[in-house]
Amino acid sequence: MPASPSTARAINDRLALRLLQQDGPLTATQLKTLTGLSRPTVADLVERLQGAGLIRVVGESGAARRGPNARLYGIVADRAHLAALDVRTDSVAVVVADLLGVTLAEATLPIGSDTGTDSAAEQAAALLERTAREAGAAPLHSVGIGAPGLIDPVTGELRDTTGLPAWHRRLVRVLQERLPATVLVENETNLAAVAEHRVGAARDRDTFVLLWLGHGIGAAVMLDGRLRRGASGGAGEIGFLPVPGATGVPSAANCDGGFHSLVGSAPVCELALGHGIDVRTRSGSGEQEPAAVSAVRAALAGEGESEAFLGALADRLAVGAAAVASVIDPGCVVLAGEVGHAGGDALASRVEERLAMMSPLRTEVRAGALGGSAVLRGALLAAREAAQDELFTAGG
């Protein structure tokens, strides 16, 4: 059934807006070429989007630099302001941006383990509000939150999970109550996968698995360009994966004895110490960066029994990667997070070599490009998508 005129206009408008966001600013002639639409149709949509306050003339192009055909149109970046939060067990990071994703302000706040639930949530909410004001971006249109734990696939809410701070769930409720904004929450590793897919190491891959290597361990599954969260939102809880080499087996409430026991930051540091790499002097700097990052960087610099350590770490990572590959056959595994980023191609190539010996399924292994910033980048992309869904539809 052919689309109605109003539906066709909405589709054309969204297409033009996406192109202006990705490739803009653009002239009407360039929009005509990229969209394949007729000149009158492009002229109509340009007028319509200008009237809706979504695009404006931002300059001129061409040798003559004058006349209607030379006008460059761009997204009105301040049409909506966005925010993203990366919520960790002991800190929260905030970034505020415009509709094009340009950062306007950012801030980080440590939150001690002895801070009460209500106090921690209020501190984090106040940080967001203060950062938005400093950026001149209040009120916010959409807020994306990345947090550890499971997201209920029915309600979209962060579930109460054993071992994670209660203030995480409280923060989401506080923001929903206090802000006139759309507030979205997603598992942090899933957001990292979105970011690596859109602007990082997996831009040319619609199917891949991301292994998050930081203080803890997680995974995200991207199939045909879509995140797969599982029946209960728990797809990718690879820290609980029973693996050879671990002591015991994990329980429903604790991943000790699972894959986490091999490649979490603490066991990686223990492995490094066993190979003459002393990370203890580097882990007390007050930074949120996992101590395992120092171990990997020291090994790559040749400290201690570096080759033996990197080989042993690659062996451990390959065990988990092989289990994932045998079930999903993703064709690509991205070693993301702070540790995966620090290991770079040197660690990724070692894991790929060992994985090839363990699995008959050809699987490329890549280093993540975004490191610890991937969660914030993914949360900002989620907030931007939410704003676009409303604003771009309204423009149609």
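First things first, this report covers the structure right here in the doc. These numbers come from a predicted model, not from an experiment.

Scanning the model with the defined rule gives zero disulfides in all. Cys255 takes part in no disulfide bond, and the closest cysteine sulfur to it belongs to Cys269, at a distance of 16 Å. On the basis of relative accessible area, Cys255 is assigned to the buried category, the value being 19%.

Turning our eyes to something else, we now look at the sheet that holds strand 5 (residues 103-110). Pairing in this open sheet of five strands is mixed, and the strands run 5-4-3-6-7 from one edge to the other. Of all strands in the sheet, those bounded by a partner on one side alone are strand 5 and strand 7 (182-187). Taken over all neighbouring pairs, the strand axes of this sheet differ in orientation by 15° on average, direction set aside. With six bridges joining them, strand 6 (residues 142-147) and strand 7 adopt parallel strand pairing. The residue bridging Ser142 from the neighbouring strand is Thr182, located in strand 7. Packing of helix 4 (residues 117-134) onto the sheet brings it into contact with strand 3 (81-87), strand 4 (91-98), strand 5 and strand 6, and relative to strand 5 it is tilted by some 155°. With respect to the sheet, helix 5 (residues 167-178) is in contact with strand 3, strand 4, strand 6 and strand 7, its orientation differing from that of strand 3 by roughly 165°.

Let us now look at a nonpolar patch on the surface. Residues Leu100, Val102 and Leu104 make up a contiguous nonpolar surface patch of about 220 Å² in total accessible area. You can see Val102 is positioned in the loop between strand 4 and strand 5.

By the criterion of burial, strand 4 is predominantly enclosed, with eight of the eight residues buried. The two faces of strand 4 match: Ser91, Ala93, Val95 and Ala97 on one face and Val92, Val94, Val96 and Asp98 on the other face are all buried. The pairing of strand 3 with strand 4 spans seven bridges and is antiparallel. Bridge pairing links Ala83 to Val96 in strand 4. Linking strand 3 to strand 4, which pair antiparallel, is a turn of three residues. Of the strand pairs in this sheet, strand 4 and strand 5 are connected by seven bridges, and their pairing is antiparallel.

Of all hydrophobic cores here, the largest spans 44 residues; its most connected members are Phe259, Phe309, Leu313, Leu317, Leu335 and Val351. Those residues in contact with Phe259 that lie beyond four places of it in its chain are Ile217, Ile238, Gly239, Leu241, Val243, Arg316, Leu317 and Gly320. If you look at the next biggest cluster of nonpolar residues, it comprises 31 residues, including Val87, Val92, Leu127 and Leu171.

Before going further, it helps to examine the pattern of salt bridges. Scanning all chains against the criterion turns up 16 salt bridges. Here Asp86 makes a salt bridge to Arg88, at a shortest N to O gap of 2.9 Å. Judged by its relative accessible area of 5%, Asp86 is buried. A network of salt bridges, in which partner residues are shared, links Asp204, Arg205, Glu364 and Arg366.

Taken together, the five strands give an open sheet; going across it, the order is 10-9-8-11-12, and neighbouring strands pair in mixed fashion. This sheet does not close on itself; its edge strands, each paired only once, are strand 10 (226-227) and strand 12 (364-367). Bridge count for strand 11 (residues 332-336) against strand 12 is four bridges, and the pairing is parallel. By the bridge assignment, Cys332 is partnered in strand 12 with Glu364. Helix-sheet contacts for helix 11 (residues 337-358) involve strand 8 (208-213), strand 11 and strand 12, and the interaxial angle to strand 12 is about 160°.

Here we come to the environment of Ala192. One can find Ala192 in helix 6 (residues 188-199). The buried category is assigned to Ala192, whose relative accessible area is 0%. Sequence-wise, Ala192 and Gly371 are 179 residues apart; in three dimensions their C-alpha atoms are separated by 9.0 Å. Once residues lying within four places of it in the same chain are set aside, the contact partners of Ala192 are Leu210, Trp212, Ala374 and Val375.

Quick notes on the rules
- Residues numbered from 1 in each chain as written.
- Predicted model: local features only at pLDDT ≥ 70, side-chain atom pairs only at ≥ 80, totals over all residues.
- Heavy atoms only, no water.
- Disulfide = S-S within 2.5 Å.
- Buried < 20%, exposed > 50% of the residue type's maximum accessible area, 1.4 Å probe, protein only.
- Pairing = 2+ DSSP bridges.
- Helix = DSSP H or I, 4+ residues; strand = E, 2+ residues; numbered from the N terminus.
- Axes fitted to C-alpha atoms, helices over the stretch in contact; angles between N-to-C directions.
- Contact = heavy atoms within 4.5 Å.
- Patch = residues over 30% accessible without salt bridge, like charges linked within 9 Å, V, L, I, M, F, W, Y side chains within 5 Å.
- Areas by Shrake-Rupley, 256 points an atom, 1.4 Å probe, with all protein chains shown as cover.
- Salt bridge = Lys/Arg side-chain N within 4 Å of Asp/Glu carboxyl O.
- Core = buried A, V, L, I, M, F, W, Y, C linked by side-chain atoms within 4.5 Å.

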